[in-house]
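# Chains, contacts and geometry: an overview
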Amino acid sequence: EPGKHRMKNVMMPVSDTNVPPASASASHNLLLRDNAIAVWLDWLVTVHRPRRIAAVQERRIRRARANAAISAGFRHSLALRADGSVA
């Protein structure tokens, strides 16, 4: 029919521009990446881990203090520690 356009199936070559060629610079980039990961892991162990442990301990202390049940009646009062002992 004269009013309809027909599309031909055209195969375009596929090329991925994001994949670098295997070369010395590619291996150099991998070495840089590995060195960066090593520095990051060292930071995790020496700096972040002690901070995280201190933060967890602080949260435990705050939680224990917040959960101390205090009960008071007309003639008595009672305070329980987080470990269940009477204060």
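Everything discussed here concerns the structure shown above.
None of the values given here were measured: they were computed from a predicted structure. (Residues numbered from 1 in each chain as written. Predicted model: local features only at pLDDT ≥ 70, side-chain atom pairs only at ≥ 80, totals over all residues. Heavy atoms only, no water.)

## Comments concerning the overall build of the chain
As a reminder, the rule being used: Only DSSP runs of H or I covering at least 4 residues are called helices, and only runs of E covering at least 2 are called strands; the numbering of each starts at the N terminus. Under the scheme applied here, a residue whose accessible area is under 20% of the maximum for its type counts as buried, over 50% as exposed, and between as partly exposed, the area being computed with a 1.4 Å probe on protein chains only. Here the open area of atoms and residues is found with the Shrake-Rupley method and a 1.4 Å probe, where only the protein chains shown may cover a residue.
A count of helical and extended segments in the chain gives 1 helix and 2 strands. The N-to-C order of helical and strand elements in the chain reads α-β-β. Burial status across the chain gives 0% buried among its 87 residues. Summed over all atoms, the accessible surface of the chain reaches about 8600 Å², with 60% contributed by carbon and sulfur.

## Notes on the pattern of salt bridges
Note the following rule: Salt bridges are counted wherever a side-chain nitrogen of Lys or Arg sits within 4 Å of a carboxyl oxygen of Asp or Glu.
Tallied over the full model, the rule gives 2 salt bridges. Across the pair Asp 34 and Arg 33 runs a salt bridge, and its minimum N-O distance is 3.1 Å. We classify Arg 33 as partly exposed; its relative accessible area is 47%. With a closest N to O distance of 3.6 Å, Glu 58 and Arg 62 form a salt bridge. Taken together, the residues span about one helical turn, with Glu 58 and Arg 62 both in helix H1 (residues 24–66) at a distance of 4 residues. Since its relative accessible area comes to 48%, Arg 62 is described here as partly exposed.

## Focus: a nonpolar patch on the surface
As a reminder of what qualifies: Patch definition: residues with relative accessible area over 30% and no salt bridge; like charges joined within 9 Å; nonpolar side chains (Val, Leu, Ile, Met, Phe, Trp, Tyr) joined within 5 Å.
On the surface, a cluster of nonpolar side chains totalling about 410 Å² of accessible area is made up of Ile 37, Trp 40, Leu 41 and Trp 43. Relative to the helices and strands, Trp 40 resides in helix H1. Among the residues examined, Trp 40 registers a relative accessible area of 49% and is labelled partly exposed.

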